[in-house]
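Chain by chain, the residues run as shown.
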Amino acid sequence: MTAADSHGHGHGHGHYPYHRTEECSWHPEEAARRLASLSPSHALPSPDDPTSSSSSMRNSTYLLTRGRSTSEIRPLRRAFGHNALHPSYDDDDDPSAPHPCRALLRQTTAIALPILRAFATQLKEPLILMLLLSALLSLFLGNRSDAVSIALALVIVGLVAAVQEYRSERALEKLGDLVPPTCTVMRDGSARGGVEARELVVGDLVVLGT
C-alpha cells in the first residue's frame, strides 16, 4: 500500500497532482510509476527517450519492492508537507526560518480558515437558508430593521457554531496526539516499525497486518 491520498493538497510548498478518484483506478505498477516521478530528484521521462523510460521503470520497481530511500524523505516532506490535516512545519523540514510576520500570518490563517469553512457549512443548513430567505423577503418588502436583525442573528449563531466545531476538532486532535498512530513502513528495502503516521511521505510503502 502506498501513502498518497493525504499528501500535498496545499500542505507543503508543492502541489500534489493527483485526485483520490484517479488514484483508485491505478494498479500497483502504475501507482509506483506515478509516485516515483514525484521525487524531487527524479526527472520526468520523455516518451521518446528509451533510456529515460528504462530509468523510470527501475525507479518504480524499486519503490514498489523496497520503498522510499532515506535520502528522498526530507525533500518530499518539504515539497508536500506532513501527512496531517493541519500540518506543522519543523526547522528540519524548512531550512529557512520564517519571518515573524509570515509566522503570525500562518498561525492566523490556520485558525481562521477552519472557522470560515465551518461557518460556510452552517449556512447550508435548511433552517438557516429559510431564515436567510425571510431576511431577503423583509428587505424586499422594505422592512430593513427586520432584515438586519435576522441577518445579525444568523451571523452570531453561525459564528458561535463554527467556533464550537473548531474547538471540538482541535480537542480531538490533541487527544490523538497523546497516543499518535504509528505504522510499519518500508524504507531502503527494510521494514521500519513504530513510524508516526504524520511522518509518512508521498509514495511510502506501508506494511499492513492483522
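What you see is a predicted model, and the numbers here were worked out from it, not measured in a lab. (Residues numbered from 1 in each chain as written. Predicted model: local features only at pLDDT ≥ 70, side-chain atom pairs only at ≥ 80, totals over all residues. Heavy atoms only, no water.)

Chemist: So what's going on with the overall build of the chain? Which residues, and what values?
Modeler: When you go through the chain residue by residue, the secondary structure sums to seven helices and four strands. Listed N to C, the secondary structure of the chain is β-α-α-α-α-α-α-α-β-β-β in terms of helices and strands. Counting only residues that meet the buried cut, the chain has 29% of its 210 residues in that class. Long-range pairs, those at least 24 residues apart, make up 57% of the contacts in the chain between residues at least 6 apart in sequence. Carbon and sulfur atoms form 62% of the exposed surface of the chain, whose accessible area is close to 13700 Å². (Helix = DSSP H or I, 4+ residues; strand = E, 2+ residues; numbered from the N terminus. Buried < 20%, exposed > 50% of the residue type's maximum accessible area, 1.4 Å probe, protein only. Contact = heavy atoms within 4.5 Å. Areas by Shrake-Rupley, 256 points an atom, 1.4 Å probe, with all protein chains shown as cover.)

Chemist: Tell me about the nonpolar core, and name the residues and values.
Modeler: Counting 14 residues, the largest nonpolar core has Y16, Y18, W26, L35, L38, F80 and V202 as its most contacted members. Per-element accounting of this core gives the leading share, four residues, to helix α4 (residues 70-80). (Core = buried A, V, L, I, M, F, W, Y, C linked by side-chain atoms within 4.5 Å.)

Chemist: Please set out the packing of aromatic side chains residue by residue, giving values where relevant.
Modeler: Tallied over the full model, the rule gives one aromatic pair. Ring geometry for Y18 versus W26: centroids 4.8 Å apart, planes at 90°, classification edge-to-face. Of the two residues, Y18 and W26, both sit in the buried class. (Phe/Tyr/Trp six-rings, centres within 6.5 Å; stacked < 30°, edge-to-face > 60°.)

Chemist: Lay out unusual backbone geometry in plain terms, naming residues and giving numbers.
Modeler: Phi at D188 takes a positive value of approximately 55°, unusual for a residue other than glycine. Judged by its relative accessible area of 26%, D188 falls in the partly exposed class.

Chemist: Before we move on, can you summarise the pairing of strand β3 (residues 190-196) with the specific residues and values?
Modeler: The pairing of strand β2 (residues 182-187) with β3 spans five bridges and is antiparallel. Bridge assignment links C183 to a residue of β3, and that residue is V195. Hairpin geometry of β2 and β3 is characterised by an intervening segment of two residues between the two adjacent antiparallel strands and by a positive phi of about 55° at D188. (Pairing = 2+ DSSP bridges.)

Chemist: Talk me through the side chain of D204; I want residue IDs and the actual numbers.
Modeler: Examined against the element boundaries, D204 turns out to sit in strand β4 (residues 204-207). Given a relative accessible area of 0%, D204 falls into the buried group. Engagement of the side chain of D204 in a polar contact is seen with the side chain of R187, the distance being 2.7 Å. Within the structure, the side chain of D204 is placed 2.9 Å from the backbone nitrogen of V201, a separation counted as a polar contact. (Polar contact = N/O pair within 3.5 Å; in protein donor to acceptor, adjacent residues only side chain to side chain.)

Chemist: Account for the side chain of N83, with residues named and values stated.
Modeler: Looking at where N83 falls in the secondary structure, it is placed in the loop between α4 and α5 (100-122). We classify N83 as buried; its relative accessible area is 16%. In terms of polar contacts, N83 uses its side chain to reach the backbone carbonyl oxygen of A197, at 2.8 Å.

Chemist: Which residues make up the confidence of the model for the chain, and what are the values?
Modeler: Close inspection of predicted coordinates is inappropriate for parts of the model with low pLDDT. On average, residues of the chain carry a pLDDT of 77, and 76% of them reach 70 or more. Within the chain, the lowest mean pLDDT, 54, falls on strand β1 (residues 2-3), and the highest, 90, falls on β2. Note that pLDDT drops below 50 for residues 5-11; the model gives that stretch 24 contacts with residues more than four away or on any other chain. (pLDDT = per-residue confidence, 0-100.)

Chemist: Help me get a handle on α5, residues and values and all.
Modeler: The end-to-end C-alpha separation of α5 is 33 Å, in line with the 33 Å expected for 23 residues at 1.5 Å each. Three or more residues of α5 are buried, namely P114, I115, A118 and F119. (Expected span 1.5 Å × (residues − 1).)

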